[in-house]
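# Per-entry structural report
So you can see what is in the structure, the chains are spelled out below.
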Amino acid sequence: MKRWLFIIGITLFIGCSNNNILKIDKDTPIPTNTKKGDSYIFLDDLGHQPSTKYMIYSKDKTQLKILSRTRKNDIEKINLVLDNKIQKMNPVGFRGEYEFFAADIKIEDQKQINYYFEIIDGKFKYFYGNKSSYYLKDIDSFIYTIDDEQRDLPEWSKGIILYSIYVDSFRDGDKQNSPIYSEFGPEYYFKPHGRLSDRTLRSEIISSEKWQTKGTLQGFEITDWGDDWNTPLYSEIEAQNRYFNYAIKNTRRYGGDLQGIINKLDYLKELGVGGIKLSPIYYSNSSHKLDTIDYGHISPDYGITEKNSYKELENFLEGNIWTNSDKLFQDLVDKTHNKNMKVILDINFSYVSTEFFAYKDLLKNKSNSKYKNWFILDPDQLSRESKDKKIFLNLDDRSLQDYLIASTTKWVKGYKNKGIDGYYVKNNLNNKKFLTRWKKNLLKIDNKFILAGESTEKNLNNLGKDGFDIMGSYKLGVWMQNLFEDSKDIETIKGEMNIYSIDTPTWDLVESYDTDRFYSRLINPNREFDRLNNYGSDDYINVRPDLVDKDAIKKLKLTTLIQLTIGENPVVYYGSEKAMWGADSPDSRKPMLWDDIKFENETDSLKKYNSNRDKIAKIFKTDLIKDNISYSVTPDKTLEGWYKKISEFRNFDLDLFKNGKLEILNLNNKNIEKPNILSYKREYKDRSAIIVINRSNSKKTVKLSVTGKKEYTDYYSGKKYNIDGDRINIELEGYGYLVLYRRINFD
């Protein structure tokens, strides 16, 4: 009956014009299933913009790949119409509920192209452009300016493995600089006890009138590194009950600092990373330090705490002055460079702290403040008692731009020696004029500097020679999180891999201090990425994953292999090599699992589980009185070596990962039900590597389609795989893998 209603509804539109155009409007019945050839197109799911998200240059800049998006399995055909020439677009794969089509065009002498898409399904045709229509005469084409001067990325940045560090949770190298109050500020706390090594009272390192003006919390204390993560200190509970409902975990401090990173540089070098990416370290009261107080100085709780370390920052200190904390950061940069590694700093220009020096001046002087145009404020924000933690910046203001440029170029110039090698911009930076001006100043100092941005819609529009050089993207992590689910068929997975293989080069993150841990995602499949994945949210399982799934480590190793071999620039989040777990922030910011620190058992409350309660209770010994479970906190002993093993393979032929073309391979296995084998190849000049992965727990024998005559070699075992016709016969154990390598001509 529904089908007949659908046909009748469509038929009503035939003959409405002289051209017999089929139309879809609000009264047209919506099909219950997406199907090609049903003469219905989900118009709201069409996607394209004349931006770098859909316009991808080849590495040699001679071709431009144009992408268009539809709902998955919705349309039969898309044509690209460019300069009145029709070119069929080819389906290239899936991402989520969408399907992508692509067409390649040669870049010649044109500076601008005008184009639109002709979308066809059954008897339905639609012209999709900047203005779309059922009638060709009514559309406006997309317009794209050919950017033939895109910046070539510095050579050091190609193929690099970055290690992302949340500074407060990585390593405590200096007990003396531990913070003496939380992000709420000293106004809520009694004075702390104790002295610095020079006998200065800890309570006197800030002005005495700052203490206890808004609250009466007991003295702040950092949490012991090995304490149970899920058991808050009394000071956290008190703060949450009396003042701030997010205090528990979110405002906790562990004392990690720059000296701790310096002490672990050898560890990072041995792991195989080529650079470190640090969470913000600028002066701020919080652990994440995204809410900056001053971009021109390093926070003393990450640097050096002495008698005057805080007092000299209480009133604006010129950025050209190098504090002892600033100099310690330069020491970290120098020692990292000496190990042939790079330093990238995270930075946020979206908002600042209420303690930001210019905002405090505005609160004091109101309309007479010279900083009155630096902020985006609500009309009554200055006249009311505000609990806002984020003060948004007005990047249109030229004097604010001057301050930000002076403060950030300081870390690029360095102190006596070369400074940092790149910035990674968190959140949106959608002021293109400021971005262009900032980048110009950065490159004046160091023409090999790199400017990366978090992959938001607005930042993607600013990718290019005058904007970001590269994007930090979670697409790989999103694709992999359901890799081992039977509900996801192998063809869908391959389609998603195809999309990944044609994307603009990115820094590939699978997790960060703003998401849940990828290891935990393996036991929490089929959830939307970075949405309601917090501790206690909707039955999110937050326990150690290998206790829930005995194959969890095997799966984690396979996804690690993919991350380190499928992309050009993987970003490893601290502790991934230890198999750290946790829900979304703050649980993804737990203290690093070091072998020289003893950890208490981690507890978890069964009260927060609904559908998963019985499943969890059966696995663990349960305290029926407290309704709690507990389990040991131990790093996996094999994963660190696994990272080193794969990194060694990358470094064996780094050019292959820097410049090699990525191709998703097909399997010749028509007689095998659910082969569950993924395979992809990187090829560059006369050598190639093939990665083969069995995503199932059962043994598989498959035939892999390849080209050429020379055999491949298992990189790790040395076993030869001869080519039989155009195939290689492969046998893989459950969750097994192969890393095959071939070079035709050796130097």
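As shown above, the structure is provided for reference.
The structure contained in this document is the topic of the report that follows. (Residues numbered from 1 in each chain as written. Predicted model: local features only at pLDDT ≥ 70, side-chain atom pairs only at ≥ 80, totals over all residues. Heavy atoms only, no water.)

## Comments concerning the overall build of the protein chain
The helix and strand inventory of the protein chain stands at 19 helices and 33 strands. A globule of 747 residues ought to have a C-alpha radius of gyration of about 27 Å, and the protein chain, at 28 Å, matches this closely. In the protein chain, which comprises 747 residues, the share counted as buried stands at 58%. Pairs at least 24 residues apart make up 70% of the contacts formed inside the protein chain by residues separated by at least 6 positions. Carbon and sulfur atoms make up 46% of the accessible area of the protein chain, which amounts to about 33200 Å² in all. Counting 117 positive and 111 negative side-chain charges, the protein chain places the averaged centre of each group 2 Å from the other. (Helix = DSSP H or I, 4+ residues; strand = E, 2+ residues; numbered from the N terminus. Rg over C-alpha atoms; globule rule 2.2 N^0.38 Å. Buried < 20%, exposed > 50% of the residue type's maximum accessible area, 1.4 Å probe, protein only. Contact = heavy atoms within 4.5 Å. Areas by Shrake-Rupley, 256 points an atom, 1.4 Å probe, with all protein chains shown as cover. Lys, Arg positive; Asp, Glu negative; His and termini not counted. Charge placed at Lys NZ, Arg CZ, Asp CG, Glu CD.)

## A closer look at the nonpolar core
Within the largest apolar cluster, 130 residues are counted, with the highest numbers of intra-cluster contacts made by Tyr163, Phe329, Phe375, Tyr423 and Trp438. Looking at this core element by element, the count peaks at 8 residues for helix α16 (residues 552-566). In contact with Phe375, not counting residues within four places along its chain, are Val352, Phe356, Ala358, Tyr359, Leu362, Ile391, Phe392, Leu393 and Asn394. Residues Ile66, Met89, Ile107 and Tyr135 belong to the second largest nonpolar core, which totals 27 residues. (Core = buried A, V, L, I, M, F, W, Y, C linked by side-chain atoms within 4.5 Å.)

## Structural notes on helix α10 (residues 432-445)
Across its 14 residues, α10 extends 20 Å between first and last C-alpha, which sits within 8% of the 20 Å expected from 1.5 Å per residue. Three or more residues of α10 are buried, namely Phe434, Leu435, Trp438, Lys439 and Leu442. Along α10, the residues classed as buried sweep out an arc of 125° about the axis, all on the same side. Those residues of α10 that are exposed and aimed more than 90 degrees away from the buried face are Lys433, Lys440 and Lys444. Packed against the buried residues of α10 are β14 (342-348), α9 (398-413), β18 (422-426) and β19 (450-454). (Expected span 1.5 Å × (residues − 1). Arc of directions from axis to C-beta.)

## Considering empty space enclosed by the protein
One pass over the structure, following the stated rule, counts 11 cavities of 30 Å³ or more. Considered as a void within the structure, the largest cavity measures approximately 180 Å³ in volume. Around the largest cavity, the lining is made up of 18 residues, and of these Lys210, Tyr283, Glu314, Glu355 and Lys360 lie nearest the centre. Those elements that provide at least two residues to the lining of the largest cavity are α6 (311-314) and α8 (357-365). Within the lining of the largest cavity, the residues separate by chemical class into 10 nonpolar, 2 polar and 6 charged. (1 Å grid on protein atoms, 1.4 Å probe; cavity = no way out; pocket = protein on both sides within 12 Å on 5 of 7 lines; lining within 4 Å. Points joined across faces, edges and corners; volume = space filled by probe spheres on them. Nonpolar A, V, L, I, M, F, W, Y, C, P; charged D, E, K, R; others polar.)

## Section: the sheet that holds strand β17 (residues 391-393)
Read from one edge to the other, the open sheet built from 3 strands follows the order β15-β17-β16, with strand pairing classed as antiparallel. Looking at strand neighbours, the two that pair on one side only are β15 (351-352) and β16 (375-376), the edges of this open sheet. One ladder, built from 2 bridges, connects β15 with β17; its direction is antiparallel. Residue Tyr351 lies in a different strand from β17, and its bridge partner there is Phe392. (Pairing = 2+ DSSP bridges.)

## Looking at the packing of α9 against α10
Helices that pack against each other are described as a pair by the angle of their axes relative to one another and the distance between those axes. Viewed as axis vectors pointing N to C, α9 and α10 meet at an angle of 30°, and their least axial separation amounts to 10 Å. Our classification of the angle between α9 and α10 gives roughly parallel. Crossing of α9 against α10: the hand is right-handed. Contacts between α9 and α10 pair Arg398, Gln401, Asp402, Leu404, Ile405, Thr408, Thr409, Val412 and Lys413 from the former with Phe434, Arg437, Trp438, Asn441, Leu442 and Ile445 from the latter. Considering only residue class, the contact of α9 with α10 consists of 7 nonpolar, 4 polar and 4 charged. (Axes fitted to C-alpha atoms, helices over the stretch in contact; angles between N-to-C directions. Parallel < 35°, antiparallel > 145°, perpendicular 65-115°, else oblique. Left-handed = near helix turned anticlockwise from the far one by under 90°.)

## Describing the packing of α16 against helix α18 (residues 639-652)
For the pair α16 and α18, interaxial distance at closest approach is 10 Å and the crossing angle is 25°. Considered as vectors, α16 and α18 are oriented roughly parallel to each other. In this structure, α16 crosses over α18, and the sense of that crossing is right-handed. Contacts between α16 and α18 involve Leu556, Lys557, Thr560, Leu561, Leu564 and Thr565 from the former and Leu639, Trp642, Tyr643, Ile646, Ser647, Phe649 and Arg650 from the latter. For the contact of α16 with α18, the class distribution of residues is 8 nonpolar, 3 polar and 2 charged.

## Considering the environment of Glu577
Within the fold, Glu577 resides in the loop between β22 (569-573) and β23 (602-605). The spatial distance from the C-alpha of Glu577 to the C-alpha of Lys644 is 9.4 Å, given a sequence separation of 67 residues. Not counting the four nearest positions on each side in its chain, Glu577 is found in contact with Tyr163, Tyr267, Leu271, Met592, Leu639, Glu640 and Tyr643. Among the polar contacts listed, one links the side chain of Glu577 to the side chain of Tyr163, at a separation of 2.7 Å. For Glu577, the side chain forms a polar contact with the side chain of Tyr267, separated by 2.5 Å. (Polar contact = N/O pair within 3.5 Å; in protein donor to acceptor, adjacent residues only side chain to side chain.)

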